[in-house]
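Tertiary structure, described
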Amino acid sequence: MSVAEKVRPVEAPAPVREPRLTDEHGRRIRVWELALRYALLLAVLALTVGPFLWQLSTSLKGPTEDIFSSPPKFLPAHPTLHNYERVADTIPVWDYAFNSLKVAAANVVTNCVGSALAGYALARLRYRGRRIATLTFILAMLVPAEGIIIAQFTTMRELGLNNTLIGVVLPACVSAMNVLLMRNAFLNLPYEIEEAAYVDGANVWQRFLRIALPSVKGTLAVVAIFAFMGAWDDFLWPLIVLSDPSKFTLTIGLNYLHGTFANDERLVAAGTVIAVAPLIALFACLQRYFFRGVGEGAVKG
């Protein structure tokens, strides 16, 4: 070993860089900006989820607990399911829920099938009047439901569907918004795929069922969720068209619960939780398809 090698200074290790917080575009995010974002998200979460959690807490409180205490107590001291039993004893809540389930399931099927067919026809087929048909669906979204509800009721009465669940389903069986959602999803699909299938001898139904429809599952899940929520939460139209208590939907039944037992907040809260639970279960099952709408229509290599 030479003298120069002996006296060579030892190089200091390179300083370790602290990890930088960046967004999806690679831009640096300051700590105060990140804290502000999380604070806003928590505020929105409290505004949206907070009322439901409070109703859930109220429905689990016993008759001896004060639900109007100051400061309010969020967690029940002695949780109980007795309020849910009382709801079932007060009104036939499960019969109402079954009627709502039948209406919502029929609404989902008709909207998914009808919107997919209409959206595909507007986006992929070539015929005269296609732009006028698209404009008609856009204009239909601008008409408020309250403005045509008398005409709908008169139509159902003339068809003999008044006071039937079919009369509840029929006006909303195909939504204009859902048709436009499916149209936009089909427009994002490359035309080359269908052209290749057309060259191979596939007809329009084969191209629709085997190529186009499997590529828009995310948008189809969005349509299913919107259709189910719209039918499940609808109150005004079932209240107008239905008069037989045995055919009431859950929203009308809970209205009787509010009117008769308005002072018992625990009972009302339990009925509200029963009405919201199916919506949460549906979204939990379809959420992975729901958030896939950004990449809808992309071609995998």
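The structure this text deals with has already been given above.
Residues numbered from 1 in each chain as written. Predicted model: local features only at pLDDT ≥ 70, side-chain atom pairs only at ≥ 80, totals over all residues. Heavy atoms only, no water.

1. Side note on the overall build of the protein chain
A tally of helices and strands in the protein chain yields 14 helices and zero strands. Along the protein chain, helices and strands appear, N-terminal first, in the series α-α-α-α-α-α-α-α-α-α-α-α-α-α. The proportion of buried residues among the 301 residues of the protein chain is 32%. If you take every contact in the protein chain between residues at least 6 apart in sequence, the share linking residues at least 24 apart comes to 72%. For the protein chain, the exposed area adds up to about 19,600 Å²; of that, 65% sits on carbon and sulfur atoms. (Helix = DSSP H or I, 4+ residues; strand = E, 2+ residues; numbered from the N terminus. Buried < 20%, exposed > 50% of the residue type's maximum accessible area, 1.4 Å probe, protein only. Contact = heavy atoms within 4.5 Å. Areas by Shrake-Rupley, 256 points an atom, 1.4 Å probe, with all protein chains shown as cover.)

2. Considerations on a nonpolar patch on the surface
Residues L42, L45, V49, L53, F74 and L75 make up a contiguous nonpolar surface patch of roughly 560 Å² in combined accessible area. A residue is classified by how much of its surface remains accessible, and F74, at 40% relative accessible area, is partly exposed. (Patch = residues over 30% accessible without salt bridge, like charges linked within 9 Å, V, L, I, M, F, W, Y side chains within 5 Å. Salt bridge = Lys/Arg side-chain N within 4 Å of Asp/Glu carboxyl O.)

3. Overview of the side chain of T134
Summarising the element assignment, T134 is placed in helix α5 (residues 130-142). Leaving out residues up to four positions away in the same chain, T134 has contacts with L122, L180 and R183.

4. Comments concerning the environment of F208
Residue placement: F208 occurs in helix α10 (residues 204-212). Taking C-alpha positions, F208 is 7.5 Å from Y120, a pair spaced 88 residues apart along the chain. Once residues lying within four places of it in the same chain are set aside, the contact partners of F208 are A116, L117, Y120, F186, L213 and P214.

5. Some remarks on the pattern of salt bridges
Side chains bearing opposite charge may pair, as long as their charged atoms lie close to each other. Tallied over the full model, the rule gives two salt bridges. Measuring nitrogen to oxygen at the nearest pair gives 2.8 Å for the salt bridge that ties R124 to E194. Placement of the pair is R124 in helix α4 (residues 93-124) and E194 in helix α9 (residues 191-199), with a sequence separation of 70 residues. Overall, R124 belongs to the buried group, its relative accessible area being 8%.

6. Observations regarding the packing of aromatic side chains
Applying the stated criterion across every chain yields a total of six aromatic pairs. On the basis of an interplanar angle of 85 degrees and a centroid distance of 5.4 Å, the ring pair of Y120 and F186 is categorised as edge-to-face. Of the two residues, Y120 is situated in helix α4 and F186 in helix α8 (residues 176-187); the sequence distance between them amounts to 66 residues. Residues Y120 and F186 agree in their burial class; the two are buried. Both rings, one in F228 and one in W232, keep their centres 5.6 Å apart while their planes meet at 10 degrees; by these two values the pair is stacked. Taken together, the residues F228 and W232, both in helix α11 (residues 217-233) and four residues apart, mark about one turn of the helix. By the burial criterion, F228 is buried, and W232 matches it. (Phe/Tyr/Trp six-rings, centres within 6.5 Å; stacked < 30°, edge-to-face > 60°.)

7. Comments concerning helix α3 (residues 82-90)
Of all the residues in α3, the buried ones are N83, Y84 and V87. Taken end-on, α3 shows its buried residues confined to a sector of 100 degrees, consistent with a single buried face. (Arc of directions from axis to C-beta.)

8. Here's the deal with the packing of α4 against α10
Axis separation between α4 and α10 bottoms out at 12 Å; the angle between their running directions is 110 degrees. In this view, α4 runs roughly perpendicular relative to α10, as classed from their interaxial angle. When the axes of α4 and α10 are compared, the crossing they make is right-handed. Contact residues: A116, L117 and Y120 in α4; V204, W205, R207, F208 and A212 in α10. Class assignment of the residues belonging to the contact of α4 with α10 gives a composition of seven nonpolar, no polar and one charged. (Axes fitted to C-alpha atoms, helices over the stretch in contact; angles between N-to-C directions. Parallel < 35°, antiparallel > 145°, perpendicular 65-115°, else oblique. Left-handed = near helix turned anticlockwise from the far one by under 90°. Nonpolar A, V, L, I, M, F, W, Y, C, P; charged D, E, K, R; others polar.)

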